[in-house]
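Structural overview for review
Okay, here's what each chain looks like letter by letter:
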Amino acid sequence: MTSTDKPVSPLRQRMIDDMRMRKLSPKTQASYIRVVKRFAKFLGRSPDTASTEDLRRYQLYLVDSGISAISLNANLTGLKFLFDNTLDHPELMAKMHAVHEPRKLPVVLSREEVARLLTAADNLKHQTALSVAYGAGLRASEVVALKVSDVDSQRMTLRVEQGKGSKDRYAMLSPVLLERLRAWWKFAHAQGKMLPGGWLFPGLDPIDPLSTRQLTRAVHAAAEAAGIDKRVSMHTLRHSFATHLLEQKVDIRVIQVLLGHKKLETTALYAQVATDILREVVSPIETLPLM
């Protein structure tokens, strides 16, 4: 232990062990620890001394601070794990209630805008990674986690290991996307950046994958260079993939499987932004007799 390291409290260590026992992802574990640390700071003492009223005051404090519904619910989830599992006092969370998260329509790019964005990416690695996000409908975390061995040119699939919800699935691999991946592999291999069986999109050190943060910066830079004034993120490419498939008359249940959605209602949201479908619908005013 270095002089700058602080000893982990018994309570935190027990919570860490509880999370490990349940095989929560490292990202989830780090999030829960941050939540409990913020609560402890608000409380001014150890969280295991908190009362129901303390927790109620904390939720009011979070609401008054202007926190978003998503962040508020994330805080409640972390605290619920602590009190339900580690401290075995679920009754303390009885008056803590999750809030409704307003569902907003996703930002979707047109096919022309997607083409411009991909062309504007600043290097071949970013261009190919963004192409995978759009061409296969993958999340940013799923793109950077791909390995060379996940590309199956015989079955024309991409193997997605441990996607959201710790689920494996297969994503589609189109001929155009396969050609782009082959061009990227040849370039990276010639540069000595593609390790055997390694990451499909390695970082500066080929041992490590490209980070989601780097990919986010890349899509923002590409959108700006392409002159796209919409609010673009990596997830925008996934939204656009699903919407464009729906406009191509692909069955919504097939799209659900490709996206790895647990609930069909999540996928059905794209019907509200599929403008090609909306244009095919005849308004009832068009059928009124001439006046």
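See above for the structure.
To keep things clear, this report deals only with the structure shown in the data block. (Residues numbered from 1 in each chain as written. Predicted model: local features only at pLDDT ≥ 70, side-chain atom pairs only at ≥ 80, totals over all residues. Heavy atoms only, no water.)

1. What about the overall build of the protein chain?
When its secondary structure is counted, the protein chain shows 13 helices and three strands. The buried share among the 291 residues of the protein chain stands at 38%. Residue pairs in contact within the protein chain that sit at least 24 positions apart in sequence constitute 57% of those at least 6 positions apart. Carbon and sulfur atoms provide 56% of the accessible area of the protein chain, an area that totals close to 17,600 Å². (Helix = DSSP H or I, 4+ residues; strand = E, 2+ residues; numbered from the N terminus. Buried < 20%, exposed > 50% of the residue type's maximum accessible area, 1.4 Å probe, protein only. Contact = heavy atoms within 4.5 Å. Areas by Shrake-Rupley, 256 points an atom, 1.4 Å probe, with all protein chains shown as cover.)

2. Focus on the pattern of salt bridges
Summed over all chains, the structure comprises 14 salt bridges. Measuring nitrogen to oxygen at the nearest pair gives 2.7 Å for the salt bridge that ties Asp54 to Arg45. Relative accessible area serves as the criterion here: at 8%, Asp54 is assigned to the buried category. When its relative accessible area of 38% is taken as the criterion, Arg45 is described as partly exposed. Salt bridges here are not isolated pairs; linked through shared partners, they connect Arg45, Asp54 and Arg57. (Salt bridge = Lys/Arg side-chain N within 4 Å of Asp/Glu carboxyl O.)

3. Examining the nonpolar core
In terms of nonpolar packing, the biggest core is built from 45 residues, with Leu117, Leu130, Val132, Phe201 and Leu215 touching the most fellow members. Of all the secondary-structure elements, those providing two or more residues to this core are helix H5 (111–120), helix H6 (124–136), helix H7 (140–144), strand E2 (157–163), helix H8 (175–190), helix H9 (212–225), helix H10 (234–247) and helix H11 (252–259). Setting aside residues no more than four positions away along its own chain, Leu130 makes contact with Leu117, Leu118, Ala121, Leu215, Val219, Ala222, Met234 and Leu237. Tyr32, Ile33, Val36 and Leu82 belong to the second-largest nonpolar core, a separate cluster that totals 23 residues. (Core = buried A, V, L, I, M, F, W, Y, C linked by side-chain atoms within 4.5 Å.)

4. Some thoughts on the side chain of Thr86
Tracing the sequence through the fold places Thr86 in helix H4 (residues 69–86). Other than its neighbours up to four places away in sequence, Thr86 contacts Leu11, Arg14, Met15, Asp18 and Phe81.

5. As for unusual backbone geometry
One non-glycine residue, Met156, adopts positive backbone phi at about 55°. Residue position: Met156 is located in the loop between strand E1 (151–152) and E2. What makes Met156 partly exposed here is its relative accessible area of 25%.

6. Some words on H6
Taking 1.5 Å as the rise per residue, H6 with 13 residues should run 18 Å; its terminal C-alpha atoms sit 18 Å apart, in good agreement. Of all 13 residues making up H6, ten are buried, and the element is well covered by its neighbours. Listing the buried residues of H6 in full gives Lys125, His126, Thr128, Ala129, Leu130, Ser131, Val132, Ala133, Tyr134 and Ala136. The distance from a side-chain oxygen at the start of H6 to the backbone nitrogen of Lys125 is 3.1 Å, and the residue carrying that oxygen is Asn123. Two residues or fewer past H6, Gly137 is found with a positive phi of approximately 70°. (Expected span 1.5 Å × (residues − 1). Polar contact = N/O pair within 3.5 Å; in protein donor to acceptor, adjacent residues only side chain to side chain.)

7. Considerations on the side chain of His126
Assignment of secondary structure puts His126 in helix H6. Apart from residues lying up to four places away in sequence, His126 is in contact with Ala121, Leu210 and Ala218.

8. Some points on the environment of Leu215
With respect to the element layout, Leu215 can be found in helix H9. Residues contacting Leu215, with those up to four places away along its chain left out, are Ala129, Leu130, Ala140, Val143, Val144, Leu210 and Met234.

9. Thoughts on the packing of aromatic side chains
Under the defined criterion, the tally for this structure stands at eight aromatic pairs. Relative to Tyr58, the ring of Phe39 lies with its centre 5.0 Å away and its plane at 65°, an arrangement referred to as edge-to-face. Pair noted here: Phe39 is in helix H2 (residues 26–43) and Tyr58 is in helix H3 (residues 52–64), with a separation of 19 residues, a long-range link. Tyr58 gets classed as buried once you look at its relative accessible area, which sits at 1%. Geometrically, the ring pair formed by Phe42 and Tyr61 is tilted, given 5.1 Å between the ring centres and 35° between the ring planes. With Phe42 in helix H2 and Tyr61 in helix H3, this residue pair connects regions lying 19 residues apart in the sequence. Note on Phe42: relative accessible area 25%, which makes it partly exposed. (Phe/Tyr/Trp six-rings, centres within 6.5 Å; stacked < 30°, edge-to-face > 60°.)

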